[in-house]
Amino acid sequence: MTQLTHIRRLTSLLILGLLAMQVPAIAVGEWLLAPAFNGTAALVTLGIAATAGAAWWLLRGTALERLALAALLPLAAGAALLAFRDHPWHGDQHIYFFVLLAVVAGYCDRAAILTASGSVILHHLLTTLLAPGYLMPGGMDLLRLGLHLWLVLFETGLLLWLATTLSRAFNASHAALEEAQKAHQETEAANRAREETAARARTEQIAALSRVADRLEAEVGQLARDVAAAAGAAAKDAESLRGFAARGIDIAVGVSRSSEGASMNVETLAAGTGQLAA
């Protein structure tokens, strides 16, 4: 709901409230101030309020609702004229027409203002022709009628300017608000996209690191297995070398013993040769 729609809704409720409150107010005012009380003005006001309520219920939220309530509201001032007929305050009730016409400006709708103004003008023209003593004590002459109609038209012009200005301001404000909301949504979308991109980058980075770690683990494991195999082979070679060394030592010992035996034999042969020579 836009701000303008909200204000128009409140204006309709204000009009219905004014009409509803006027029913007992007119009845009490006529009973206290009018020369003779017959309740006609209160019944007329009740009929206007009921019609306005039905129009609001059936047409609420539409342009026809505003036009119907704008046409009916000024008639409540006509009911006030009927209640104070032949009372000194009778002529003062004309001010009520201008007040109610200003209330319609709350719609910020030129069509509604023109409808309310037309309702006032038509009311004045018809009652001047059909009931001359209804509008003013002693009747309404043409100059006074012309003055009233001029004042109604003048107020209508001012209210039209005001309604146009306010309507444009509300529409501009609504457009600016929509632009701001759109910009905010675009900013949020950009932030979400950036966060999603960063999250994907982190995920890809973690996946890449995981692949590198797995590859390093596999390569290091293979290297460890190769080193272990080489160490096992070296251990076997070392054991073989120890065997060869032991056999070499045994052979050397055998050779040494053989050399000693041969040496003893040589010495023995030399000794025997010496004895033979002696």
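Relevant structure appears above.
Keep in mind the model is a prediction, meaning the values are calculated, not measured.

1. A short note on the overall build of the chain
Phase 1 of the analysis: On a plain count of helices and strands, the chain comes out with eight helices and zero strands.
Phase 2 of the analysis: The buried share among the 278 residues of the chain stands at 27%.
Phase 3 of the analysis: When contacts within the chain are restricted to residue pairs at least 6 apart in sequence, long-range pairs at least 24 apart make up 69% of them.
Phase 4 of the analysis: When the accessible area of the chain is evaluated, it comes to approximately 17,600 Å², of which 68% is carbon and sulfur surface.

2. Some words on a nonpolar patch on the surface
Phase 1 of the analysis: A contiguous nonpolar surface patch, about 650 Å² in accessible area, is contributed by Val28, Trp31, Leu32, Leu33, Phe37 and Trp89.
Phase 2 of the analysis: When you line up the elements, valine 28 lands in helix α1 (residues 3-33).

3. Points about the pattern of salt bridges
Phase 1 of the analysis: This model, assessed by the stated rule, comprises one salt bridge.
Phase 2 of the analysis: Salt-bridge contacts for aspartate 109 lead to arginine 66; the nearest nitrogen and oxygen are separated by 2.7 Å. You can see aspartate 109 sitting in the loop between α5 (94-104) and α6 (110-130) and its partner arginine 66 sitting in helix α3 (residues 63-72), a full 43 residues away along the chain. Each member of the pair, aspartate 109 together with arginine 66, is buried.

4. Details of the nonpolar core
Phase 1 of the analysis: In terms of nonpolar packing, the biggest core is built from 31 residues, with Ile15, Leu19, Leu69, Leu73 and Val104 touching the most fellow members.
Phase 2 of the analysis: At the level of secondary structure, the elements contributing two or more residues to this core comprise α1, α2 (40-59), α3, α4 (75-83), α5, α6, α7 (132-135) and α8 (142-277).
Phase 3 of the analysis: Examining the composition of this core, we find that five residues originate from one element, α5, more than from any other.
Phase 4 of the analysis: In terms of nonpolar packing, the next biggest core, distinct from the first, is built from six residues, Ala41, Ala42, Ala80 and Ala83 among them.

5. Observations regarding unusual backbone geometry
Phase 1 of the analysis: Its identity as a non-glycine residue notwithstanding, cysteine 108 has a phi of 55°, on the positive side.
Phase 2 of the analysis: The class for cysteine 108 is buried, based on a relative accessible area of 5%.

6. Quick word on the packing of α5 against α6
Two packed helices can be described by the angle between their axes and the distance between those axes.
Phase 1 of the analysis: For the pair α5 and α6, the least separation of the axes is 9 Å and the interaxial angle reads 160°. Here α6 runs roughly antiparallel to α5, going by the angle between their axes. By crossing handedness, the relation of α5 to α6 is classed as right-handed. Note on element contacts: α6 touches α5 through Ala112, Ile113, Ala116, Ser117, Val120, His123 and His124, opposite His94, Phe97, Leu101 and Val104.
Phase 2 of the analysis: Counted by class, the contact of α5 with α6 contains seven nonpolar, four polar and no charged residues.

7. Comments concerning the packing of aromatic side chains
Phase 1 of the analysis: Counted by the stated rule, this structure contains three aromatic pairs.
Phase 2 of the analysis: Ring geometry for tryptophan 150 versus phenylalanine 154: centroids 5.7 Å apart, planes at 45°, classification tilted. On the criterion of helical spacing, the pair formed by tryptophan 150 and phenylalanine 154 is a turn pair, its members being four residues apart in helix α8.
Phase 3 of the analysis: Sitting over the ring of tryptophan 56, arginine 60 keeps its end group 5.7 Å from the ring centre.
Phase 4 of the analysis: Here arginine 60 stacks its cationic end above the ring of tryptophan 57, 4.2 Å away from the centre of that ring.

8. Quick word on α6
Phase 1 of the analysis: Here α6 is 21 residues long and its end C-alpha atoms lie 30 Å apart, about the 30 Å a rise of 1.5 Å per residue gives.
Phase 2 of the analysis: What α6 keeps buried is the set Ala112, Ile113, Ala116, Ser117, Ser119, Val120, His123, His124, Thr127 and Thr128. Taken end-on, α6 shows its buried residues confined to a sector of 150°, consistent with a single buried face. Opposite the buried face of α6, at more than 90 degrees from it, the exposed residues are Leu129 and Leu130.

9. What about the side chain of threonine 156?
Phase 1 of the analysis: Residue position: threonine 156 is located in helix α8.
Phase 2 of the analysis: By relative accessible area, threonine 156 is classed as buried at 4%.
Phase 3 of the analysis: Polar side-chain contacts of threonine 156 include one of 2.8 Å to the side chain of serine 117.
Phase 4 of the analysis: Among the polar contacts listed, one links the side chain of threonine 156 to the backbone oxygen of valine 152, at a separation of 2.6 Å.
Phase 5 of the analysis: Apart from residues lying up to four places away in sequence, threonine 156 is in contact with Leu101, Ile113, Leu114 and Ser117.

10. Some points on α1
Phase 1 of the analysis: When the terminal C-alpha atoms of α1 are compared, their 42 Å separation across 31 residues agrees well with the 45 Å that a helix rising 1.5 Å per residue should span.
Phase 2 of the analysis: Maximal helix bending in α1 amounts to about 30°, located at glutamine 22; proline proline 24 follows within four positions.
Phase 3 of the analysis: Within α1, the full set of buried residues consists of Leu4, Arg8, Thr11, Ser12, Ile15, Leu16, Leu19, Gln22, Val23, Ile26, Gly29 and Glu30.

Cut-off values and rules
- Residues numbered from 1 in each chain as written.
- Predicted model: local features only at pLDDT ≥ 70, side-chain atom pairs only at ≥ 80, totals over all residues.
- Heavy atoms only, no water.
- Helix = DSSP H or I, 4+ residues; strand = E, 2+ residues; numbered from the N terminus.
- Buried < 20%, exposed > 50% of the residue type's maximum accessible area, 1.4 Å probe, protein only.
- Contact = heavy atoms within 4.5 Å.
- Areas by Shrake-Rupley, 256 points an atom, 1.4 Å probe, with all protein chains shown as cover.
- Patch = residues over 30% accessible without salt bridge, like charges linked within 9 Å, V, L, I, M, F, W, Y side chains within 5 Å.
- Salt bridge = Lys/Arg side-chain N within 4 Å of Asp/Glu carboxyl O.
- Core = buried A, V, L, I, M, F, W, Y, C linked by side-chain atoms within 4.5 Å.
- Axes fitted to C-alpha atoms, helices over the stretch in contact; angles between N-to-C directions.
- Parallel < 35°, antiparallel > 145°, perpendicular 65-115°, else oblique.
- Left-handed = near helix turned anticlockwise from the far one by under 90°.
- Nonpolar A, V, L, I, M, F, W, Y, C, P; charged D, E, K, R; others polar.
- Phe/Tyr/Trp six-rings, centres within 6.5 Å; stacked < 30°, edge-to-face > 60°.
- Lys NZ or Arg CZ within 6 Å of the ring centre and 35° of its normal.
- Expected span 1.5 Å × (residues − 1).
- Arc of directions from axis to C-beta.
- Polar contact = N/O pair within 3.5 Å; in protein donor to acceptor, adjacent residues only side chain to side chain.
- Bend = angle between axes of the 7 residues up to and from the residue.

Limitation: the analysis is restricted to geometry and does not speak to function.
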